[in-house]
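# Reading the structure
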Amino acid sequence: MKYQENPPNAAALMTSARSFGNYDLPGAVADLIDNSIKAAARKVSITCLFNGGAPTLSIVDDGYGMSAAELVAAMRPASTNPSAERAPDDLGRFGWGMKSASFSQCRRLTVISRQKGGLSAATWDLDDIDSWRMVVYDEQEAFALSRGLPAKGDGTEILWEKCDRLSENATLGEEAFNSLVAYTRSRLELIFHKFLSGLDGAKKLTISVNGLPLEAYDPFYRSHPATQPLEKEDLPLNGSIIRISPFVLPHYSKLKLSEHDRLGGEEGFLRNQGFYLYRNHRLIIHGTWFRLAKFGELSQLVHISVDIPNSLDDVWKITVDKSDAQLPAALRKRLTQIIEKLRSQAARVYRNKGARLDRPGTVPVWSRTVRHNEIRYSVNREHPLIASILEDDESGRISAALKLVEQAFPVGTFAQDASADISRIHQTEADPRRLLELAETVAGATLAEVGDMKEVGRRMKDQEPFASSWTLIEDHFRNKGWKLV
Ligand SMILES: Nc1ncnc2c1ncn2[C@@H]1O[C@H](COP(=O)(O)OP(=O)(O)O)[C@@H](O)[C@H]1O
Ligand SMILES: [Mg+2]
């Protein structure tokens, strides 16, 4: 028996590294920003250029940089062992990030770094890798390449060229490229929002894309007065602490449509409910229930922040691209309990909307009367919309239909459902757009009747279900150019 060396084919291995993880552009850039954060950078500038179909991307930071020897080590694939202990603020994981993130988007990676005045630079080019040969530049060459770096001080630039994935082999037009950049920008505003605003002790970081600074985007809308932060809880796991911070977000009635849409993100409110997992303040995954609960309209206002340290990477099975994790079994039970409590709280937020009968100064849709100790629910004939249709009810059919609806109200089933779990009953609209459509219809009909938009506003402001969502409706009408006041 003897030992025989059997190394991988360099080009083939590096090409397969292109599909390690499942990076999209924001995910790949985020992995490079993680390295900048670890290098204590305070400022990261990203430049993403279309270049007539040969796009390039550069990320410059003012972190502590690398020495020539460190740069060579950093360029090496699998540069650190994933099971080696990491500094608590380290956002890295497998020693692959810079390489696999870069090659997921480009074929040529150049790193230029200045540390204590010394410049070093190196390039991996997938088309010129032979048996693991890397280009290393001497000081003078490195200096020529260093124009992207700040004139003084330490820092690093990562440069992507031959961005075949970004140009989709030159089939991607400039417009599509620009929208990809815009998408990346908004993703980064979410992923790094704690760093951008210095929240929860994250060290403040400025990030800009093509010269424009990113603005923190807080998926919990902590700054809105109607956001309800609930009690935090620290769960111990394998000698580390996991912090659970639940929030019930404001109901749409308290928001403008633009705020509601921004908060919902691209996939909408419904998809964005659930857990937001942060590792060392950096958002890893969001909008998942880890299969502990189902996505539902009533729970869409529930967002739960989960903060984990990097010491628990193994337990959470953080993936190479830091885009996925698995819930440790030890946490399932407690988290399920937390979700249950929150869901009923969120359901209460909905129940209080539009369905209340007792808001002074507003006209409800339903009335509740008590006579001889008997309770009766009926449709309020004085509600302006109901009243207006009854005016034209010569045949009496509308009135008959209303009575029918009232008498057929399924009291028994309702009572059963309500006593089993009232938080499952969902009568009001979960989508503000549907309420706005209804409001437009009613406004149109009212206008035909009263002939004056101000009067329409005055009437609708006091009638349910519009009264409880007036912030939303007024803003929507104003955007349409309808002057209500
Ligand atoms: N912007 C940077 N500034 C300083 N050092 C860096 C930078 N980017 C990468 N490095 C160095 O390169 C190493 C390898 O990075 P990477 O491939 O992302 O793996 P990991 O982050 O898992 O260690 C890092 O551990 C770090 O030492
Ligand atoms: Mg890294």
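### A few points about the domain arrangement of the chain
The domains assigned to the chain are domain 1 (10-213), domain 2 (228-351) and domain 3 (366-479). Placing the centre of domain 1 and that of domain 2 at their C-alpha centroids yields a distance of 29 Å. Taken together, the contact between domain 1 and domain 2 spans 30 residues of the former and 20 residues of the latter. Interface of domain 1 and domain 2: buried area, both sides summed, is about 2,000 Å²; carbon and sulfur atoms make up 46% of it. The interface formed by domain 1 and domain 2 includes 2 salt bridges. In this structure, Asp34 engages Arg282 in a salt bridge whose closest nitrogen and oxygen atoms are separated by 2.8 Å. Between the two partners, domain 1 and domain 2, sit 5 residue pairs in polar contact (both at pLDDT 80 or more). Top contributing element to the side of domain 1 that touches domain 2 by residue count: helix H7 (residues 174-191), with 6 residues.

### Side note on the pattern of salt bridges
Counted by the stated rule, this structure contains 23 salt bridges. A salt bridge links Lys162 to Asp125, with the shortest nitrogen-to-oxygen separation between them at 3.0 Å. Residue Lys162 is found in the loop between strand S6 (155-161) and helix H6 (164-167), and its partner Asp125 is found in strand S4 (residues 118-125); the two are separated by 37 residues along the sequence. Relative accessible area serves as the criterion here: at 38%, Lys162 is assigned to the partly exposed category. Glu233 is the salt-bridge partner of Arg334, the closest N and O atoms lying 2.5 Å from each other. Taken together, the positions of Arg334 in helix H11 (residues 332-351) and Glu233 in strand S10 (residues 233-237) put the pair 101 residues apart, joining distant regions of the chain. Looking at Arg334, the relative accessible area reads 32%, which means it is partly exposed. Exposure remark for Glu233: the relative accessible area of 24% places this residue in the partly exposed category. One network of salt bridges, with partners in common, ties together Arg18, Arg107, Arg108, Asp125, Asp127, Glu161, Lys162 and Asp164.

### What about the nonpolar core?
Ranked by internal contacts, the top residues of the largest apolar core, which has 50 residues, are Val29, Ile33, Ile46, Trp160, Phe192 and Ile207. Take this core: its biggest share by element is 7 residues, from helix H2 (residues 25-38). Setting aside anything within four residues of it in sequence, one finds Phe192 in contact with Ala30, Ile33, Asp34, Ile37, Ile207 and Arg282. Of all hydrophobic cores here, the second largest spans 46 residues; its members include Tyr221, Ile244, Phe247 and Ile338.

### Points about the packing of aromatic side chains
Enumeration over the complete set of coordinates arrives at 12 aromatic pairs. For the ring pair Phe220 and Phe247, a centre distance of 4.9 Å and an interplane angle of 45 degrees mean the geometry is tilted. Taken together, the positions of Phe220 in the loop between strand S8 (212-213) and strand S9 (228-229) and Phe247 in strand S11 (residues 240-248) put the pair 27 residues apart, joining distant regions of the chain. The same class applies to Phe220 and to Phe247, which are both buried. An aromatic cluster is present here, built from Phe275, Trp289, Phe290 and Trp316 joined pairwise through their rings. The cationic tip of Lys194 hangs over the ring face of Tyr278; the distance from NZ or CZ to the ring centre is 4.1 Å.

### Here's the deal with the pairing of strand S2 (residues 56-61)
Of all the 6 residues making up S2, 6 are buried; the element is thus mostly covered by neighbouring parts of the structure. Burial of the side chains of S2 extends over both faces: Thr56, Ser58 and Val60 are buried on one face and Leu57, Ile59 and Asp61 on the other. What sits between strand S1 (residues 43-49) and S2 in their antiparallel hairpin is a turn of 6 residues, with Asn51 showing a positive phi close to 50 degrees. For S2 and S6, the ladder comprises 5 bridges, and the chain directions are antiparallel. Its bridge partner lying in S6, Leu57 is registered against Trp160.

### Topic: helix H17 (residues 470-479)
Looking at H17, one finds that the buried residues are Trp470, Leu472, Ile473, Asp475, His476 and Phe477. Where H17 is buried, its residues meet helix H9 (257-264), helix H15 (432-450) and helix H16 (453-461). Just past H17, the residue Gly481 takes up positive phi, approximately 85 degrees.

### Here we look at the environment of Glu437
Among the secondary structure elements, Glu437 is positioned in helix H15. According to the relative accessible area criterion, Glu437 is exposed, its value standing at 52%. Expressed as a C-alpha distance, the spacing of Glu437 and Glu374, which sit 63 residues apart in the sequence, is 37 Å.

### Let's talk about the site of ligand 1
Around ligand 1, the surrounding shell holds 20 residues, and the nearest of these are Asn35, Lys38, Asp61, Gly95 and Lys99. Here a nitrogen atom of ligand 1 and a side-chain polar atom of Asp61 are 2.8 Å apart. Gly97 has a polar backbone atom sitting 3.4 Å from an oxygen atom of ligand 1. In the complex, 90% of the free accessible area of ligand 1, which totals 530 Å², lies under the protein chains. Of all the secondary structure elements, the ones that give two or more residues to the shell around ligand 1 are H2 and helix H4 (97-103). Among the residues making up the shell around ligand 1, the classes are represented as 6 nonpolar, 9 polar and 5 charged.

### Some points on the sheet that holds strand S3 (residues 108-115)
The 8 strands are arranged S5-S4-S3-S6-S2-S1-S7-S8 in an open sheet whose pairing can be described as mixed. At either margin of the open sheet sits one strand with a lone partner, and together these are strand S5 (135-137) and S8.

Quick notes on the rules
Residues numbered from 1 in each chain as written. Chains lettered and ligands numbered in written order. Predicted model: local features only at pLDDT ≥ 70, side-chain atom pairs only at ≥ 80, totals over all residues. Heavy atoms only, no water. Domains from an automatic or database assignment. Contact = heavy atoms within 4.5 Å. Buried area = accessible area lost by both parts, 1.4 Å probe. Salt bridge = Lys/Arg side-chain N within 4 Å of Asp/Glu carboxyl O. Polar contact = N/O pair within 3.5 Å; in protein donor to acceptor, adjacent residues only side chain to side chain. Helix = DSSP H or I, 4+ residues; strand = E, 2+ residues; numbered from the N terminus. Buried < 20%, exposed > 50% of the residue type's maximum accessible area, 1.4 Å probe, protein only. Core = buried A, V, L, I, M, F, W, Y, C linked by side-chain atoms within 4.5 Å. Phe/Tyr/Trp six-rings, centres within 6.5 Å; stacked < 30°, edge-to-face > 60°. Lys NZ or Arg CZ within 6 Å of the ring centre and 35° of its normal. Pairing = 2+ DSSP bridges. Near = heavy atom within 4 Å. Areas by Shrake-Rupley, 256 points an atom, 1.4 Å probe, with all protein chains shown as cover. Nonpolar A, V, L, I, M, F, W, Y, C, P; charged D, E, K, R; others polar.

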